[in-house]
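An overview of the molecular structure
Listed below, chain by chain, are the residues.
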Amino acid sequence: MSLRDDFLWGGAVAANQYEGAWNEDGKGPSVPDHVRGGTVSAPRLWDKQIDENVYYPSHQAVDFYHHYEEDIDLMGEMGFKCFRLSINWSRIYPTGMEEEPNQKGLEFYHKVFRRCKENNIEPLVTLSHYELPWGLSEKYNGWTGREVIDHFIRYAKTCFEEYRDEVKYWLTFNEINVGMKSIGRILALGMQGKDHESMLVMNETDEERNDRFQAIHHQFVASAKAVILGHEINPDFKIGNMIAGSLSYAYTCNPEDVLMAEDQMNMNNFFCGDVQVRGHYPYYAKRYFRDHNINIRIEEGDEELLKKGTVDFYSFSYYMSSCVSADPEVTDKAGGNIFMGIKNPYLEASDWGWQIDPEGLRTYLNRVYGRYEIPLMVVENGLGAVDERSEDGKFHDTYRIDYLRKHIKAMKEAAEDGVDLMGYTMWGCVDLVSASTGEMKKRYGFIYVDRDNDGNGDFHRERKDSFYWYKKVIESNGENLD
Ligand code: BGP
């Protein structure tokens with residue numbers, strides 16, 4: 001057997017894309033509640049004031065808030081061992097700044113975790129999945145303000161104490177390395193830009209870039225403090241980081257391309273892991289900061305915290321790979337949500353242009369494990385596709401099964417290679433709102449939800465073919481992939 005007996009099979013979601021009930025039972029607005037729907041060609045815009053006449057996909061999402069029992073039971077039916085979800089920070093602290101938590105918010109997650117337990121499912125909780133309370137974003141320009149660290153730690157402490165006996169596995173920040181790109185300004189860092197600006201902001205001034213790196217530093221410190229605190233509250237906690245897995249290939253064997261690919265791997269992928277696993281900024285940060293005129297304030301004690309607050313395991317999302325080229329003539333771009341590059345002629349792509357690369361997952365797992373030698377977990381992977389109902393009334397999503405099968409095979413190979421792999425949670429196990437485009441049309445799930453891009457539908461759930469397939473995969477611990 002190539003996978004551990006206690007391998008954590010399951011699925012993953014994020015509160016803002018899944019829960020809905022955006023202003024129920026005392027929840028305050030969060031950054032994504034201010035972001036409109038969009039498409040690949042019409043990027044999502046964000047509004048400072050929520051406009052009653054505008055449709056915001058996160059407001060109802062797919063209504064897990066009122067469907068949690070049914071959803072978790074369906075996950076149980078598939079045999080899930082693990083369910084990755086995020087706690088919506090503004091459900092617990094509505095503006096992020098209250099002294100006392102919102103009891104109704106706390107109670108909701110107790111109910112969720114109890115239901116998981118009844119189904120023998122271990123929760124894996126992300127504390128912050130692009131869900132900064134709007135109040136903090138407004139007051140401090142998001143994570144630019146050092147004060148946000150204290151607000152985050154108060155929230156983390158509440159969660160750790162409250163769910164001490166219900167949750168063992170935690171992640172601090174979802175895809176923390178998204179902040180390494182200007183694209184992460186609003187969603188990952190809660191930094192305010194111009195009203196009605198695209199969420200995928202690509203341009204920034206030098207000063208804005210400096211603020212962005214300051215904000216990332218604050219997240220590093222917050223993450224380290226949370227790890228230290230979590231271990232004090234319950235020494236059995238396993239607390240991980242979460243990286244948007246980005247794999248860059250040199251487009252040719254021209255040494256310039258190779259060097260460029262190395263550089264991208266460092267800056268897009270390894271930078272944050274190096275801080276969170278090794279406990280200090282990587283050697284190449286110095287030159288990058290110098291070359292880009294970046295000067296951040298690292299306060300006394302920060303370095304000590306980074307050193308002490310290293311993570312127990314490394315988790316990541318993996319959807320695609322892309323190429324880089326030093327040749328200005330090579331311009332054929334591949335699609336993607338964050339780290340987009342040049343098209344790879346050897347790969348096919350999804351309907352959204354994301355290049356499908358299962359072998360790349362094996363490469364990635366080996367490279368990361370070789371670098372850090374701590375347990376790894378794939379906490380997001382999957383295929384966003386248009387699902388059409390067949391004439392027999394069912395969803396025959398063979399393309400999704402095919403995608404997952406190849407990635408699971410690659411993951412098993414990596415485990416055979418010797419990589420210490422804890423588990424796999426497929427992204428969007430129940431259809432949910434897309435983060436990059438805000439669409440419902442882009443579906444990932446084993447479970448279909450009746451909801452469309454414009455907010456029509458009654459939220460009822462249906463099993464797709466992949467549901468039955470994944471059940472067999474889990475039952476056989478990954479041996480039966482047919
Ligand atoms: C990751 C995010 C998720 C998720 C996923 C798929 O970057 O952590 O929140 O949405 O990408 O992306 P999309 O929803 O844009 O298809």
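All figures in this text were calculated on a predicted structure; none of them were measured in a lab.

Focus on the overall build of the protein
- When its secondary structure is counted, the protein shows 14 helices and 14 strands.
- Over its C-alpha atoms the protein spans a radius of gyration of 21 Å, differing by no more than 12% from the 23 Å that the globule rule assigns to 482 residues.
- Viewed in the frame of its principal axes, the protein has a C-alpha envelope of about 60 × 55 × 50 Å.
- Contacts in the protein between residues far apart in sequence, at least 24 positions, make up 75% of those at least 6 positions apart.
- When the accessible area of the protein is evaluated, it comes to approximately 19,100 Å², of which 45% is carbon and sulfur surface.
- Taken together, the 54 basic and 81 acidic charged side chains of the protein have centroids lying 2 Å from each other.

Concerning the site of the ligand
- By nearness alone, 15 residues border the ligand, and Q17, E175, A435, S436 and Y444 come closest of all.
- Measuring from an oxygen atom of the ligand, one finds a side-chain N or O atom of N174 at 3.0 Å.
- Within the side chain of E175, a nitrogen or oxygen atom sits 2.6 Å from an oxygen atom of the ligand.
- For the ligand, whose unbound accessible area comes to 380 Å², protein coverage reaches 99%.
- Considered class by class, the residues forming the shell around the ligand number six nonpolar, six polar and three charged.

A look at the pairing of strand β8 (residues 321-324)
- Residues S321 and C323 of β8 are buried on one face, and the alternating residues S322 and V324, pointing to the opposite face, are buried as well.
- Relative to β8, strand β6 (residues 247-250) runs parallel, the two sharing four bridges. When the bridges of β8 are listed, Y249 appears paired with C323.

So, the packing of aromatic side chains
- Overall, the coordinates contain 42 aromatic pairs when judged by the stated rule.
- Aromatic side chains F64 and Y68 sit 6.5 Å apart centroid to centroid with 75 degrees between the ring planes, which places their arrangement in the edge-to-face category. Of this pair, F64 and Y68 both sit in helix α3 (residues 64-78), four residues apart, which is roughly one turn of the helix. Assigned by exposure class, F64 and Y68 land together as buried.
- On the numbers, 4.9 Å between centres and 90 degrees between planes, the contact of F160 with W170 is edge-to-face. Taken together, the residues span a long stretch of sequence, with F160 in helix α7 (residues 147-162) and W170 in strand β4 (residues 169-173) at a distance of ten residues. Residue F160 shares its accessibility class with W170, and that shared class is buried.

Thoughts on the pairing of strand β2 (residues 82-86)
- With five of its five residues buried, β2 lies for the most part within the structure.
- The alternating pattern of β2 places C82, R84 and S86 and F83 and L85 on opposite faces, both of which are buried.
- Sheet topology places strand β1 (residues 8-12) next to β2; three bridges connect them, and they run parallel. Along β2, the bridge assignment pairs A12 with R84.
- Where β2 meets strand β3 (residues 122-128), five bridges bridge the pair, whose relative direction is parallel. In the sheet register, S86 faces β3, and the bridge partner there is T126.

The rules behind the values
Residues numbered from 1 in each chain as written. Predicted model: local features only at pLDDT ≥ 70, side-chain atom pairs only at ≥ 80, totals over all residues. Heavy atoms only, no water. Helix = DSSP H or I, 4+ residues; strand = E, 2+ residues; numbered from the N terminus. Rg over C-alpha atoms; globule rule 2.2 N^0.38 Å. Contact = heavy atoms within 4.5 Å. Areas by Shrake-Rupley, 256 points an atom, 1.4 Å probe, with all protein chains shown as cover. Lys, Arg positive; Asp, Glu negative; His and termini not counted. Charge placed at Lys NZ, Arg CZ, Asp CG, Glu CD. Near = heavy atom within 4 Å. Polar contact = N/O pair within 3.5 Å; in protein donor to acceptor, adjacent residues only side chain to side chain. Nonpolar A, V, L, I, M, F, W, Y, C, P; charged D, E, K, R; others polar. Buried < 20%, exposed > 50% of the residue type's maximum accessible area, 1.4 Å probe, protein only. Pairing = 2+ DSSP bridges. Phe/Tyr/Trp six-rings, centres within 6.5 Å; stacked < 30°, edge-to-face > 60°.

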